[in-house]
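Commentary on secondary and tertiary structure
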Amino acid sequence: QINETPSGGMLIIQSGTYEGPIELTKPIDLVAQDGAVIVYNGTEEAVSISGQDVSVSNLSIKASDQAAAAIELTGDGHELIGLDIVTGTTAIRMNQASHVLVEGTDIVGQSEKHAIDLNESDDNVFEANTVTRVEDGFYVEESNRNTFMNNKISEAHYGFHIMYSEGIELIDNQ
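In this report, we go over the structure that sits alongside the text. Please read these numbers as outputs of a predicted model, since none were measured by experiment.

Let us now look at unusual backbone geometry. For the bond running from Gly-20 to Pro-21, omega is 10 degrees, close enough to zero to count as cis. Checked against the element boundaries, Pro-21 lands in the loop between strand S2 (16-19) and strand S3 (22-24). One non-glycine residue, His-99, adopts positive backbone phi at about 55 degrees. Following the sequence through the fold, His-99 ends up in the loop between strand S12 (92-98) and strand S13 (101-103). Of note in this structure, Arg-145 is not a glycine but carries a positive phi near 55 degrees. Tracing the backbone through its elements, the reader meets Arg-145 in the loop between strand S17 (130-141) and strand S18 (147-149). A relative accessible area of 46% places Arg-145 in the partly exposed class.

Following this line, the structure appears as structure tokens:
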């Protein structure tokens, strides 16, 4: 279904359990109905997003601790809205990703990994996300001008672990 969705189109994922991994490389809106879950027990990323302007909303992802990440994100202008991620590995790994919005996403970790890991990723916004049981809620390295607001982090070694980054805004996080 993903390959058949045209650039700029919308793909509605019906309620049900789907086996990953999936790869999103063109500008589409993937909208999951309640109860749509991607389950992945392999060693790659459960969901890989690259290119520009990919939007994923309302999707649940369950990735094992063997996975490289639940979501691997590169490129520009993506949106992750209202996701539910349960994983034993890094939930969202961003590498050279910019102008990304991650909003209203719930992350429950099961290991000593980062919930959201940014590397060389600039000008992103993280708003109203909930993170539980991780090493670091947000691990930020060489990533500039990122905004974190109204996020809730619990059962973490560090809420924010920021290194070699400038212009970081932390607003009303708990």
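Moving on, we get to the pattern of salt bridges. This structure, assessed with the given rule, holds four salt bridges. The closest approach of N and O atoms between Arg-93 and Glu-72, which form a salt bridge, is 2.4 Å. Taken together, the residues span a long stretch of sequence, with Arg-93 in strand S12 and Glu-72 in strand S9 (residues 69-76) at a distance of 21 residues. Its relative accessible area of 25% is what places Arg-93 among the partly exposed residues. By sharing partners, the salt bridges in this structure join Glu-45, Glu-72 and Arg-93 into a single network.

Reading guide: rules and limits
- Residues numbered from 1 in each chain as written.
- Predicted model: local features only at pLDDT ≥ 70, side-chain atom pairs only at ≥ 80, totals over all residues.
- Heavy atoms only, no water.
- Helix = DSSP H or I, 4+ residues; strand = E, 2+ residues; numbered from the N terminus.
- Buried < 20%, exposed > 50% of the residue type's maximum accessible area, 1.4 Å probe, protein only.
- Salt bridge = Lys/Arg side-chain N within 4 Å of Asp/Glu carboxyl O.

All quantities given are derived from atomic positions and should not be read as evidence of function.
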